[in-house]
Amino acid sequence: MKYQTELKDDLLFVRLEGDLIVGKDTQQMIDEVDGLQGGKVFLCAVDLSNVRFIDSSGMGVLVSLLTKFRNRGGELVLIKPSEHIRKLLIVTKLNAIFTIAENDDYAAQFLKESIY
């Protein structure tokens, strides 16, 4: 898995590519996201549009990130997951806890409104 982080207007965008499974890259990404600005980033959007495959451990990574942001009073949204990932979210009932955005603009709007 490859990833990039981008901080825009106090919103963190994490762009994932490849297969979301637990590995060295995944742990590195979690640590980097958790440590950004000393843990003072509260809003995050995870772009899944280039994720080909996700397994149960990858779902655990998404839940872990969501928990980290909500524990600091923030929020996390998923951007444009594939149909496969959407179905997994429904089957695992995680669609009830994740907000899905179709693009960066909708994600940013939702995140900014979530803190007010």
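Residues numbered from 1 in each chain as written. Predicted model: local features only at pLDDT ≥ 70, side-chain atom pairs only at ≥ 80, totals over all residues. Heavy atoms only, no water.

(A) The sheet that holds strand β5 (residues 99-101), seen in detail. Here five strands make up an open sheet; going across it, the order is β1-β2-β3-β4-β5 and the pairing mixed. Of all strands in the sheet, those with a lone pairing partner are β1 (2-8) and β5, marking the two edges. Strand after strand, the sheet turns through a mean of 25° between neighbouring axes, direction not considered. Sheet strands in contact with helix α2 (residues 56-71) are β2 (11-20), β3 (43-54) and β4 (75-79), and its direction is about 180° off that of β3. Along the sheet face, helix α4 (residues 104-114) touches β1, β2, β3, β4 and β5 and points at about 165° away from the line of β4. (Pairing = 2+ DSSP bridges. Helix = DSSP H or I, 4+ residues; strand = E, 2+ residues; numbered from the N terminus. Axes fitted to C-alpha atoms, helices over the stretch in contact; angles between N-to-C directions. Contact = heavy atoms within 4.5 Å.)

(B) Representation of the environment of L89. Position of L89 among the secondary structure elements: in helix α3 (residues 83-91). Residue L89 is classed as buried on the basis of its relative accessible area of 0%. Once the C-alpha coordinates of L89 and M59 are considered, the two residues, 30 residues apart in sequence, prove to be 8.4 Å apart. Residues in contact with L89, not counting those within four places in the same chain, are M59, L78, L94, N95, F98 and I100. (Buried < 20%, exposed > 50% of the residue type's maximum accessible area, 1.4 Å probe, protein only.)

(C) Seen up close, the pairing of β1. In the sheet, β1 pairs with β2 via seven bridges, with the strands oriented antiparallel. Paired with K2 across the bridge in β2 is E17. Connecting β1 to the antiparallel partner β2 that follows it, the hairpin turn spans two residues, and D9 within it adopts a positive phi of roughly 50°.

(D) Summary view of the pattern of salt bridges. Going through the model one piece at a time under the given rule, you end up with eight salt bridges. The partner of R70 in a salt bridge is E75, and the shortest N-O contact between them spans 3.0 Å. For R70, a relative accessible area of 36% gives the class partly exposed. Residue classification places E75 among the buried positions, given a relative accessible area of 13%. One salt bridge in this structure joins E102 and R86, with 2.5 Å as the shortest N-O distance. With E102 in the loop between β5 and α4 and R86 in helix α3, this residue pair connects regions lying 16 residues apart in the sequence. Overall, the relative accessible area of 22% leaves R86 in the partly exposed class. Via salt bridges that share partners, E6, R15, D47 and D104 belong to a single interconnected network. (Salt bridge = Lys/Arg side-chain N within 4 Å of Asp/Glu carboxyl O.)

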